[in-house]
Amino acid sequence: MTHEMQARRSIVSALGAAVAAFALGPRPAGAQTPATRFQPARHQQDAWLDTITGKHRVFIDASTARGAGEAMLYANNLYVANKSGYSLPENDIVVVACLRHFATPFAFNDAIWAKYGKVLGMMVEFTDPKTRQAPSTNLLNSAEYGMALPNLGTTIDSVVKRGTRFAVCDMATHFFAGGIAAQAGGNADAVYKELVGNTIPNSHMVPAGVVAVNRAQEYGYTLLSTL
């Protein structure tokens, strides 16, 4: 009797397992192994982002004239706060500020603003707060404006000395070259080469600022956006 009950239980168990297997159906091959974590592709054009050594990486995204000024202020604050709050030296903090869209003109030096400031100022709706006229220099590299500009006196040169790098949007540079050529006369390609040859220190041209924002995060940078 006992052997008969054990045999009956075995049959029931086997039938239950078969029914469960039939209900679930065959499992696809990919489901039998843990999912592979997404790994972004690497491209030579972005390799420069990985050559900057440090313990913390921050990418500041600026797309407006105001945002360009705030990028300088934010960069400075990152160095100051990490020094005062964590006793970290400046070379432990990697800061890349992306000047794209309407922030792009501030990636060009005084020579460009002296020559094309009227057109650039008009295109990004930016004027000298003291004169109310088109700027003839890159005002973000002047400490004389203080609270009148969103960088609050923090200059381009001052954050460059701390180690800040700049990603400059190539697409926007072409756009502004075309605008300058149309307004001031000249050849857009020639103006573009002139702009690229007169960028601020520690600059790196990137195919597009929006792409650089994506790539930087794939390289482990924390994204910090300005207004």
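Please read all numbers here as calculations on a predicted model, not as lab measurements.

What counts as what
- Residues numbered from 1 in each chain as written.
- Predicted model: local features only at pLDDT ≥ 70, side-chain atom pairs only at ≥ 80, totals over all residues.
- Heavy atoms only, no water.
- Pairing = 2+ DSSP bridges.
- Helix = DSSP H or I, 4+ residues; strand = E, 2+ residues; numbered from the N terminus.
- Axes fitted to C-alpha atoms, helices over the stretch in contact; angles between N-to-C directions.
- Contact = heavy atoms within 4.5 Å.
- Buried < 20%, exposed > 50% of the residue type's maximum accessible area, 1.4 Å probe, protein only.
- Nonpolar A, V, L, I, M, F, W, Y, C, P; charged D, E, K, R; others polar.

S.K.: How should the sheet that holds strand 4 (residues 203-206) be read in this particular structure?
M.R.: The strands making up a sheet associate through hydrogen bonds between their backbones, and the pairing can be parallel or antiparallel. The five strands are arranged 4-3-2-1-5 in an open sheet whose pairing can be described as parallel. The two strands at the open ends of the sheet, each matched to only one other strand, are strand 4 and strand 5 (222-225). Neighbouring strand axes in the sheet, compared pairwise and without regard to direction, differ in orientation by 25 degrees on average. Strand direction decides the pairing type here: strand 3 (residues 165-169) and strand 4, joined by four bridges, are parallel. Across the sheet, Ala167 pairs through a bridge with His204, a residue of strand 4. Seen against the sheet, helix 5 (residues 170-184) touches strand 3 and strand 4 and runs at an angle of roughly 55 degrees to strand 3.

S.K.: Mind showing me how you'd approach the environment of Leu99 here?
M.R.: Inspection of the secondary structure puts Leu99 in strand 2 (residues 93-99). Judged by relative accessible area, Leu99 falls into the buried class, the value being 0%. Sequence separation between Leu99 and Gly209 is 110 residues; the distance between their C-alpha atoms is 7.2 Å.

S.K.: What exactly am I supposed to notice about the packing of helix 3 (residues 110-124) against helix 6 (residues 188-196) here?
M.R.: Two elements in contact, helix 3 and helix 6, have axes whose closest approach is 10 Å; the angle formed by their N-to-C orientations is 140 degrees. Side by side, helix 3 and helix 6 meet where Ile112, Lys115 and Tyr116 of the first sit next to Val191, Glu194 and Leu195 of the second. Among the residues forming the contact of helix 3 with helix 6, the class breakdown is four nonpolar, no polar and two charged.

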